[in-house]
Protein chains: 2
Amino acid sequence: MTSDPGSVRPGGRTARVRAAVLRAAGDLLAERGFGALDLTEVAALAEVGKTTVYRRWGTPAGLVTDLLLAMAEESVPRADTGTLRGDLLADARLVLDTLTDARQGRLFRAVIAAGTADPATEVALRRFYDVRLAEWAPCVTDGIARGEAPVGTDPRAVLSAVAAPLYYRLLISGDPLDGTTAVRAAEAAMDAIAAGRFIAT
Amino acid sequence: MTSDPGSVRPGGRTARVRAAVLRAAGDLLAERGFGALDLTEVAALAEVGKTTVYRRWGTPAGLVTDLLLAMAEESVPRADTGTLRGDLLADARLVLDTLTDARQGRLFRAVIAAGTADPATEVALRRFYDVRLAEWAPCVTDGIARGEAPVGTDPRAVLSAVAAPLYYRLLISGDPLDGTTAVRAAEAAMDAIAAGRFIAT
């Protein structure tokens, strides 16, 4: 866990090993969860030497931390539809598509669970969401500039409000994750924005 | 996991053993999470015979399932403040107080994580939230009857919307759980109710 992925030449051997190991780790996490993540099995699945995996990632938590870093690097760029409503609908749709994707949905459940069990993983999880929320924040600030949201509206609070009902269904209630829920999450956020609920105090 | 707690005479020996074991299980879950839950340790902490704990609860998942059942039995009754806004503010405050309580907050993180890792625990977790959401649903139906929400407003969707931003902070963003967030969650739900967003389609 000492290498800086930014310094790795893309396509180089180190980058290829990392990609294979993180892919295997993600597959195992999605399939069986954090509690069953085993470095020897990850090495075998990735067709990488066991020693390499233990030396570079050390522990299951180290592996999940690096996986979250890679996920942050590949974070989907913000929408830019020209309206705040359009951008928030795109955001809700992206969260929906991610959480309902068979592999991704299970992977997110596993890394969120891992974050509750291990402090270093929790830091990595927060950092992943920080990157995601920062990437999409300009949707809100652009909306403020266009007069579609009151001055002082907090982008992070708005984006959290859009995503929260979808994560609640995934992790808590088990209610279906569908297009209606995604649209409702974005539209409800627009209602609350208009009422000035997200103006930072 | 075959006994029906409803059939246990309150205050009887069986009920006392169950209470002690579930208290110990909750303490260990809050302290160290689901991955570290050990039946022998639970028995020692509860001062109950190891054989009793293994025979009655079988596995850590069996223990968490029964704990969630007990939590559902002790679920806080709905508020009845006389207004929908008042009831939703009370609901948001209850969720906030629960998730920010040192023991309860960690316990909820642990059981939610356990629900992602074990199907039987997931069923028990859903059942706990079903009980909670059903208990508070009359706040919304009473509000509809008083003309404070459009006819057809879905109680479960409203209550999920109130709780979701708080769970999002607990599990995902790590942003502070404070009174402002709770009030905002309730007020934003009121905005969306007024706009007809929660009318079941």
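Conventions we followed
- Residues numbered from 1 in each chain as written.
- Chains lettered and ligands numbered in written order.
- Predicted model: local features only at pLDDT ≥ 70, side-chain atom pairs only at ≥ 80, totals over all residues.
- Heavy atoms only, no water.
- Helix = DSSP H or I, 4+ residues; strand = E, 2+ residues; numbered from the N terminus.
- Buried < 20%, exposed > 50% of the residue type's maximum accessible area, 1.4 Å probe, protein only.
- Contact = heavy atoms within 4.5 Å.
- 1 Å grid on protein atoms, 1.4 Å probe; cavity = no way out; pocket = protein on both sides within 12 Å on 5 of 7 lines; lining within 4 Å.
- Points joined across faces, edges and corners; volume = space filled by probe spheres on them.
- Domains from an automatic or database assignment.
- Buried area = accessible area lost by both parts, 1.4 Å probe.
- Salt bridge = Lys/Arg side-chain N within 4 Å of Asp/Glu carboxyl O.
- Phe/Tyr/Trp six-rings, centres within 6.5 Å; stacked < 30°, edge-to-face > 60°.
- Least-squares fit on C-alpha atoms with pLDDT ≥ 70 in both.

### A few points about the overall build of chain A
Argument step 1. Counting its secondary structure elements, chain A contains nine helices and zero strands.
Argument step 2. Based on the C-alpha atoms only, the size of chain A along its principal axes is roughly 55 × 35 × 30 Å.
Argument step 3. Split into buried and exposed, the 201 residues of chain A put 53% on the buried side.
Argument step 4. Long-range pairs, those at least 24 residues apart, make up 67% of the contacts in chain A between residues at least 6 apart in sequence.

### Some remarks on the layout of surface pockets
Argument step 1. Put simply, the largest pocket is a space of about 860 Å³.
Argument step 2. Lining the largest pocket are 44 residues, with Ala113 and Ala114 of chain A together with Ala113, Thr116 and Ala117 of chain B positioned closest to its centre.
Argument step 3. Those elements that provide at least two residues to the lining of the largest pocket are helix 1 (13–32), helix 6 (102–117), helix 7 (119–145) and helix 8 (155–173) of chain A together with helix 1 (13–32), helix 6 (102–117) and helix 7 (119–145) of chain B.
Argument step 4. Here the lining of the largest pocket takes nine residues from helix 6 of chain A, the largest share from any one element.

### Digging into the domain arrangement of chain A
Residues and elements named next belong to chain A.
Argument step 1. Each assigned domain of chain A is listed with its residue range as follows: domain 1 (5–72) and domain 2 (77–194).
Argument step 2. The distance between the C-alpha centroids of domain 1 and domain 2 comes to 26 Å.
Argument step 3. Facing 15 residues of domain 1, the contacting portion of domain 2 comprises 14 residues.
Argument step 4. Interface of domain 1 and domain 2: buried area, both sides summed, is about 1,300 Å²; carbon and sulfur atoms make up 74% of it.
Argument step 5. The three residues of domain 1 that bury the most area against domain 2 are Ala30, Leu68 and Met71, which together make up 39% of that side's buried surface.
Argument step 6. Along the contact surface separating domain 1 from domain 2 lie one salt bridge.
Argument step 7. Measuring nitrogen to oxygen at the nearest pair gives 2.7 Å for the salt bridge that ties aspartate 27 to arginine 103.

### Some points on the packing of aromatic side chains
In this description, an aromatic ring pair is defined by two values, namely the gap between the centres and the angle between the planes.
Argument step 1. Tallied over the full model, the rule gives eight aromatic pairs over all chains.
Argument step 2. Here a set of aromatic residues connected by ring pairs shows up, and it is made of Phe108, Phe128, Tyr129 and Tyr167 of chain A together with Tyr168 of chain B.

### Some words on the relation of the copies chain A and chain B
Argument step 1. For the match of chain A to chain B, the screw axis carries a shift of 0.0 Å, the RMSD comes to 0.0 Å, and the turn is 180°. Accordingly, the operation relating the two chain copies is best matched by a two-fold axis. Identified as the residue of chain A closest to the rotation axis by C-alpha distance is alanine 113 of chain A, at 2.2 Å.
Argument step 2. Of the residues that chain A buries at the interface, 100% are likewise interface residues in chain B, meaning the two copies contact each other through the same surface.

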